[in-house]
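# Secondary and tertiary structure notes
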Amino acid sequence: MHARRGRTGRPRRTRALVALTLLASALAACGGDGTASRPTLNWYNFPDDSGALQQAADRCSRASGGRYRISYNKLPRAADGQRQQLVRRLAAEDDSLDILGLDVTWAAEFAEARWIREWTGETKRRATEGTLRVPLRTATWKDKLYAVPYNTNVQLLWYREDLVPTPPKTWSEMLDMSRDLARRGEPHYVEIQGAQYEGLTVWFNSLLNSAGGSILNPAATEPSLGPPAVRAASVMRDLAGSPAADPSLPNQMEDQNRLAMESGVAAFELNYPFVYPSMRSNNPRLFENFRWAPYPRVDAGRPARPTIGGIDLAVSSYSRHPDLAFDAALCLRNRENQLTAALEGGLPPTLRALYDEPEFMKQYPFSKEVLASLESASVRPVTPAYQNVSIVVSHTLSPPSEIQPEKAVDTIGDQIDQALRSEGVIP
């Protein structure tokens, strides 16, 4: 006996199953719990081992009320690898990138290439409100804001109080102290980044700005340099030729400096705050005398201007959800998430108010020195040609022991002038 059929000849039971399937599909399309139709915003940033960035992504996903979900995607560890991946994908107009974690030297390049969107109106107001002034400079190109500062960083002078009861205020004073310690057979090295890489450019830029100069003119159209640059190069050469120089200086980066200080061979270290918890964990005995002070001055009568680091968040020009991406970027760098990044990831915040937060001040006993340094800090040249500029500087000044100040500054000026006249983006 056959089942009764409708007008199409399809069994009623089959039609019922089809109807249920279609209903289930419709519910899934509507999201049911809101997850299926919720856009995913892809956030590409440096690889964070502390978990702070993933916490921020999860918090903001929940806080969106179902409007979006943030997926935290880790870029390569090395800055060059991070930039290379972003450049290649943006040049291909990849629309799967939404929020981009940019090194503080990339905003001008990416803005000039039209890969990132300008911040305007209410989003710009929210991005700049309460944000430290100097970090905002790294996110600005041609008087327009192209990113929002997520975190920042700045070097301090770290020293051993058992060897140096009173920290030096100038580079000259520090070298004299190092020589005296060497004569007494005490640990005396000054740990600083001398390898041929970005850290060497940062060292030169900090000294140059502290001497009253800059690598480029204010319009970023030609080299500035001049006598302050010669003065900066001379300080680098003087250190490299003195007992203060670690024999490994030409190959040292931040982590090698940290390890040398922890091993007990150094009296001074110019480095970022990550060295503090590391010393506490790795050498508790030395930690008892591990202290900090402002970055040394080049001239006693002129404040030091150390170079800031950090990450800025930008919105890709090819994002399919730009409005949501702007909102999500603001959430990712809000007060709660910046405090978590500072306490768990060791990343100094860009929101001024957090420097008065008791929890932050407790974990960062050097917070006042960090804030003071940030408020008078310098930035690296803001130009789309920054990669060229940095390569010119680091190659010319390496190794520091062979620097001929006047000749080196002339070479840097000539090559930067050529780099600024060239067109296109370095791949």
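Structure first, text after, so check above.
The sections below set out a description of the structure shown in this document. (Residues numbered from 1 in each chain as written. Predicted model: local features only at pLDDT ≥ 70, side-chain atom pairs only at ≥ 80, totals over all residues. Heavy atoms only, no water.)

A few words now on the side chain of Thr-152. Its location among the elements puts Thr-152 in strand β6 (residues 148–153). With a relative accessible area of 1%, Thr-152 lands in the buried category. A distance of 3.3 Å separates a polar atom in the side chain of Thr-152 from the backbone oxygen of Gly-309. (Helix = DSSP H or I, 4+ residues; strand = E, 2+ residues; numbered from the N terminus. Buried < 20%, exposed > 50% of the residue type's maximum accessible area, 1.4 Å probe, protein only. Polar contact = N/O pair within 3.5 Å; in protein donor to acceptor, adjacent residues only side chain to side chain.)

Turning to the pattern of salt bridges, a few remarks are in order. For the structure on display, the rule yields 25 salt bridges. Its salt-bridge partner being Arg-125, residue Glu-122 comes within 2.6 Å of it at the nearest N-O pair. Taken together, the positions of Glu-122 and Arg-125, both in helix α5 (residues 121–128) and three residues apart, correspond to about one turn of that helix. Here Glu-262 and Arg-258 are joined by a salt bridge, their closest N and O atoms 3.2 Å apart. Linking Glu-262 with Arg-258, this pair stays in helix α10 (residues 254–263), spanning four residues, or about one helical turn. There is no split in this pair, since Glu-262 and Arg-258 are both buried. Salt bridges linked by common partners bring Arg-67, Arg-126 and Asp-327 together as one network. (Salt bridge = Lys/Arg side-chain N within 4 Å of Asp/Glu carboxyl O.)

For the pair helix α17 (residues 386–396) and helix α18 (residues 405–421), interaxial distance at closest approach is 9 Å and the crossing angle is 160°. Between α17 and α18, the crossing angle belongs to the class labelled roughly antiparallel. Remark: the crossing between α17 and α18 carries right-handed chirality. Touching Asn-388, Val-389, Val-392, Val-393 and Thr-396 of α17 are Ala-408, Thr-411, Ile-412, Gln-415, Ile-416 and Ala-419, all from α18. By residue class, the composition of the contact of α17 with α18 is seven nonpolar, four polar and no charged. (Axes fitted to C-alpha atoms, helices over the stretch in contact; angles between N-to-C directions. Parallel < 35°, antiparallel > 145°, perpendicular 65-115°, else oblique. Left-handed = near helix turned anticlockwise from the far one by under 90°. Contact = heavy atoms within 4.5 Å. Nonpolar A, V, L, I, M, F, W, Y, C, P; charged D, E, K, R; others polar.)

Turning to the pairing of strand β11 (residues 309–315), a few remarks are in order. Counted residue by residue, β11 has seven buried out of seven residues, so it is predominantly covered. In β11, alternate side chains face the same way, and those of Gly-309, Ile-311, Leu-313 and Val-315 on one face and Gly-310, Asp-312 and Ala-314 on the other are all buried. Here five bridges tie strand β3 (residues 99–103) to β11, and the two strands are oriented antiparallel to one another. Considered in β11, the bridge of Ile-99 is made with Val-315. Examined bridge by bridge, β6 and β11 share five bridges and lie antiparallel to one another. Bridge assignment links Thr-152 to a residue of β11, and that residue is Gly-310. (Pairing = 2+ DSSP bridges.)

Turning our eyes to something else, we now look at the pairing of strand β1 (residues 40–45). Here is the key point about a regular strand: its side chains alternate between the two faces of the sheet. With five of its six residues buried, β1 lies for the most part within the structure. Note on the crossover from β1 through helix α2 (residues 52–63) to strand β2 (residues 69–74): the handedness is right-handed. Two strands pair when backbone bridges link them, and β1 and β3 are joined in this way by two bridges, in the parallel orientation. Across the sheet, Trp-43 pairs through a bridge with Ile-99, a residue of β3. (Right-handed = clockwise from strand over helix to strand, strands pointing away.)

Turning next to the packing of aromatic side chains. Applying the stated criterion across every chain yields a total of 18 aromatic pairs. With 5.4 Å between their ring centres and 90° between their planes, Phe-110 and Trp-115 make a pair best called edge-to-face. The buried category is assigned to Phe-110, whose relative accessible area is 0%. Relative to Phe-360, the ring of Tyr-355 lies with its centre 5.1 Å away and its plane at 80°, an arrangement referred to as edge-to-face. As far as burial versus exposure is concerned, Tyr-355 and Phe-360 are alike and both buried. (Phe/Tyr/Trp six-rings, centres within 6.5 Å; stacked < 30°, edge-to-face > 60°.)

Keep in mind that these numbers describe shape and distance, not what the molecule does.
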